[in-house]
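# Observations on the model geometry
Chain by chain, the residues:
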Amino acid sequence: LLAQNFDISSTTYGRLSSLQGLAAAFLSLGPLRALFRRGILSESNALLIVNALLLGASTYLACRPSVTAIWVTVLPLALAVSLQRAMSATIVSKAAPPDAQGDALGALDAVSSLCRICVPLLAGLLATRGSAQAPFAAMAALGALGMLICWAPSPTIGDAERKAE
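We now turn to the structure provided with this report. Worth saying up front: this structure is predicted, and the values here are computed from it rather than measured. (Residues numbered from 1 in each chain as written. Predicted model: local features only at pLDDT ≥ 70, side-chain atom pairs only at ≥ 80, totals over all residues. Heavy atoms only, no water.)

## Some words on the side chain of T73
Looking at the element boundaries, T73 is found in helix α5 (residues 67-95). Residue classification places T73 among the buried positions, given a relative accessible area of 4%. For T73, the side chain forms a polar contact with the main-chain oxygen of A69, separated by 2.9 Å. Sequence-distant contacts of T73, that is, excluding residues within four places in its chain, are made with A57, Y60 and L61. (Helix = DSSP H or I, 4+ residues; strand = E, 2+ residues; numbered from the N terminus. Buried < 20%, exposed > 50% of the residue type's maximum accessible area, 1.4 Å probe, protein only. Polar contact = N/O pair within 3.5 Å; in protein donor to acceptor, adjacent residues only side chain to side chain. Contact = heavy atoms within 4.5 Å.)

Structure, rendered in structure tokens:
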């Protein structure tokens, strides 16, 4: 459906999706985790960056549905996904007591898996009932909400960052 509405072949769309997945996996496995481990990037800053990337890329896709828009947003979305993965695990690890970290990380993984199942279904529903831009408009709205939440004081993230110091 998106391939048809964005005037892109299914093969090209598949390649773009693969490129985004590979970029996110590469970034998640190495460079981004190192930024957190070394204290170069805090969870609070990463959360702002993730939401800004999601807001910017999804707004662009919603307003300018085209092959060019998809190409332009592949890497920013990959960076957002990989930052979110690394940040989530870091926050959960720091916030959970040592004897409960396994349970907390398991719960995070379960929720992440559930999201990977439900979000495409919801995006497909939005696209078929609305337009090809509807999933991206919804993602932009969530990114905007995330930015607003980021600016509110967060004792959980702040506490986790202080515990690590």
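That covers the picture; the talk isn't over yet.
## Overview of the nonpolar core
One broad rule of soluble globular proteins: the nonpolar side chains tend to lie buried together. Among the nonpolar cores identified, the biggest contains 10 residues, and these are I8, L16, A57, L61, A62, A69, I70, V74, L77 and F136. Breaking this core down by element, the ones donating at least two residues are α4 (43-63) and α5. Top element by residues in this core is α5. It accounts for 4 residues. One finds L32, V50, L83 and I91 within the second-largest nonpolar core, a separate group that totals 8 residues. (Core = buried A, V, L, I, M, F, W, Y, C linked by side-chain atoms within 4.5 Å.)

## Structural notes on the packing of α4 against α5
At a closest axis distance of 9 Å, the pairing of α4 and α5 adopts a crossing angle of 155°. Judged by the angle between their axes, α4 and α5 are roughly antiparallel. Note that α4 runs across α5; the crossing there is left-handed. Among the residues forming the contact of α4 with α5, the class breakdown is 19 nonpolar, 3 polar and 2 charged. (Axes fitted to C-alpha atoms, helices over the stretch in contact; angles between N-to-C directions. Parallel < 35°, antiparallel > 145°, perpendicular 65-115°, else oblique. Left-handed = near helix turned anticlockwise from the far one by under 90°. Nonpolar A, V, L, I, M, F, W, Y, C, P; charged D, E, K, R; others polar.)

## Some words on the state of the cysteines
Under the definition given, this model contains 0 disulfides. Left without a disulfide partner, C115 is nearest to the cysteine sulfur of C118, which lies 7.1 Å away. We classify C115 as partly exposed; its relative accessible area is 40%. (Disulfide = S-S within 2.5 Å.)

## Considering α5
Here α5 is 29 residues long and its end C-alpha atoms lie 41 Å apart, about the 42 Å a rise of 1.5 Å per residue gives. The largest bend in α5 amounts to roughly 35° and is located at T73, with the proline P76 lying one to four residues further along. (Expected span 1.5 Å × (residues − 1). Bend = angle between axes of the 7 residues up to and from the residue.)

## Section: a nonpolar patch on the surface
A cluster of nonpolar side chains, namely L142, L145, L148, I149 and W151, defines an oily patch on the protein surface of about 600 Å² accessible area. Tracing the backbone shows L145 in helix α7 (residues 134-151). Since its relative accessible area comes to 45%, L145 is described here as partly exposed. (Patch = residues over 30% accessible without salt bridge, like charges linked within 9 Å, V, L, I, M, F, W, Y side chains within 5 Å. Areas by Shrake-Rupley, 256 points an atom, 1.4 Å probe, with all protein chains shown as cover. Salt bridge = Lys/Arg side-chain N within 4 Å of Asp/Glu carboxyl O.)

## Looking at the side chain of S82
For S82, the position within the fold is in helix α5. On the basis of relative accessibility, which here comes to 0%, the residue S82 falls in the buried class. Here L79 takes part through its backbone oxygen, which lies 3.1 Å from a polar atom of the side chain of S82.

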